Amino acid sequence: MAHATSQPEAVSGTERARGRFAPSPTGDLHLGSAAAGLVAWLLARSAGASFVLRVEDLDTPRVVQGTVQRQLDDLRWLGLDWDEGPAVGGPNAPYVQSERCNLYAEAIASLARRDLVYLCDCSRAEVARVASAPHAGEEGPRYPGLCREHGMRERAWKRPPAVRLRVPDDAVITVRDRFQGDFTQDVARSVGDFVLRRGDGVYAYQLAVVVDDLAMRIGEVARAVDLLDSAPRQVLLARLLGGTQPTFAHLPLILAHDGARLAKRARGVPIRDRRDAGQRPESLVAELACLLGLVDAGASEVAPRALLDVFDPSRLDGRREVRLPPPRNA
Ligand code: GLU
């Protein structure tokens, strides 16, 4: 396991390579998620790969009713299509994560048979008290392994237990990223034993995304760079589940002009607002392509199919963020 590197692998036989876009229906698509969908589509289509759309709706408290349809509608409006996914079906159906929980349960059972998971009823406060070094990430401090020795044994629970992965000590993973170069993480030291199923029974993003990317035989994962930190965990899990992990392409994050995260900004950013204000989809695609540097500044309208003809992914190399211009009335 030590110093494993994610290697691009040739796709076997006659099977077409596959790309995917996997939005969470927690709100309307904003410029950043639309850019991720556009680049994922461009990478897949330019490689002659199938494009899969998957709905990542496991975090039910954050799911907003009606959003799935609105996201699909916004993607179609932009001019993006998919070969497999909601509304079109396909050999890997269902394409909605809440309908795939049996696969996540099987993955945990397979890890449990090899003593690679354990039950943990620690609260966040307990973890924070014992953790030696605060972890800078959004997910809180590194888990100090308090419940590790108990394995999957039933005990008197303080609260419904989560399932954690027993991260091997020597899991130093290098992700070879198409845009960001090599990214190495010592998963045990920087993240620790991460959660695969929460105490409330919700399967964690890290598990579901790996199980689905393996099951759907995704060749390349394209998404925004804020998920780069998750990629080593996902490579580790893919290996422990006996699969070939995809390669990665983490594209720059689109931020507001002042550096704020778009997801935290409601007004003016959902592409719905642009639609409702009468902007044409080709104009929005041109705006995204200019921002990302895929076309020269000044392009006013381009459809995704036309962008495909001039698409040069190397123009995204090494960039971690791009900022929107300040609003005109600021
Ligand atoms: N569902 C995640 C999101 O919307 C993306 C997951 C991924 O692409 O791996 O942020």
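Our subject is the structure listed above.
Asker: Describe the sheet that holds strand β5 (residues 162-165), listing the residues and the values that go with them.
Answerer: The strand order across the open sheet built from three strands is β4-β5-β8, with neighbouring strands paired in antiparallel fashion. On the outer flanks of this sheet lie β4 (117-120) and β8 (195-197), each paired with one strand and no other. On average, adjacent strands in this sheet sit at an angle of 40 degrees to one another, irrespective of strand direction. Of the pairings in the sheet, the one linking β4 to β5 comprises four bridges and is antiparallel in character. Along β5, the bridge assignment pairs Leu 119 with Val 163.

Asker: Give a description of the packing of helix α3 (residues 101-113) against helix α6 (residues 205-215) that names residues and reports values.
Answerer: Running from N to C, α3 and α6 point in directions that differ by 100 degrees, and their axes come no closer than 10 Å. When the axis of α3 is compared with that of α6, the two are roughly perpendicular. Residues Leu 103, Tyr 104, Ala 107 and Ile 108 of α3 touch α6, and the partners they reach there are Leu 207, Ala 208, Val 211 and Asp 212. Broken down by class, the residue content of the contact of α3 with α6 amounts to seven nonpolar, no polar and one charged.

Asker: Help me get a handle on the environment of Arg 176, residues and values and all.
Answerer: Here Arg 176 lies in strand β6 (residues 172-177). Judged by relative accessible area, Arg 176 falls into the partly exposed class, the value being 37%. With 23 residues separating them along the chain, Arg 176 and Arg 153 place their C-alpha atoms 38 Å apart. Within the structure, the side chain of Arg 176 is placed 3.1 Å from the side chain of Asp 182, a separation counted as a polar contact.

Asker: Please give an account of the site of the ligand that cites residues and values.
Answerer: Every residue near the ligand is listed here: Arg 20, Ala 22, Pro 23, Ser 24, Glu 56, Tyr 205, Val 209, Arg 223 and Leu 227. For the ligand, a nitrogen atom lies 2.7 Å from a polar atom in the side chain of Glu 56. Here an oxygen atom of the ligand and a side-chain polar atom of Tyr 205 are 2.8 Å apart. Relative to its unbound accessible surface of 300 Å², the ligand loses 75% to contact with the protein. For the shell around the ligand, the residue count by class is five nonpolar, one polar and three charged.

Asker: Could you give an account of the nonpolar core, naming the residues involved and the relevant values?
Answerer: Membership of the largest hydrophobic core comes to 45 residues, with the highest contact counts inside it found for Leu 31, Val 39, Ile 254, Leu 292, Leu 294 and Leu 307. Of all the elements in the fold, those that place two or more residues in this core are α1 (31-46), β3 (50-53), α2 (67-78), β10 (247-251) and α9 (281-292). When residues of this core are assigned to their parent elements, the largest contribution, eleven residues, is made by α1. Once you skip the residues sitting within four places of it in the chain, Leu 294 turns out to touch Val 39, Leu 42, Ala 289, Phe 311, Asp 312, Arg 315 and Leu 316. Counting residues in each nonpolar core, the second largest holds 38 residues, with Val 52, Tyr 95, Leu 119 and Leu 196 among its members.

Conventions adopted
- Residues numbered from 1 in each chain as written.
- Predicted model: local features only at pLDDT ≥ 70, side-chain atom pairs only at ≥ 80, totals over all residues.
- Heavy atoms only, no water.
- Pairing = 2+ DSSP bridges.
- Helix = DSSP H or I, 4+ residues; strand = E, 2+ residues; numbered from the N terminus.
- Axes fitted to C-alpha atoms, helices over the stretch in contact; angles between N-to-C directions.
- Parallel < 35°, antiparallel > 145°, perpendicular 65-115°, else oblique.
- Contact = heavy atoms within 4.5 Å.
- Nonpolar A, V, L, I, M, F, W, Y, C, P; charged D, E, K, R; others polar.
- Buried < 20%, exposed > 50% of the residue type's maximum accessible area, 1.4 Å probe, protein only.
- Polar contact = N/O pair within 3.5 Å; in protein donor to acceptor, adjacent residues only side chain to side chain.
- Near = heavy atom within 4 Å.
- Areas by Shrake-Rupley, 256 points an atom, 1.4 Å probe, with all protein chains shown as cover.
- Core = buried A, V, L, I, M, F, W, Y, C linked by side-chain atoms within 4.5 Å.

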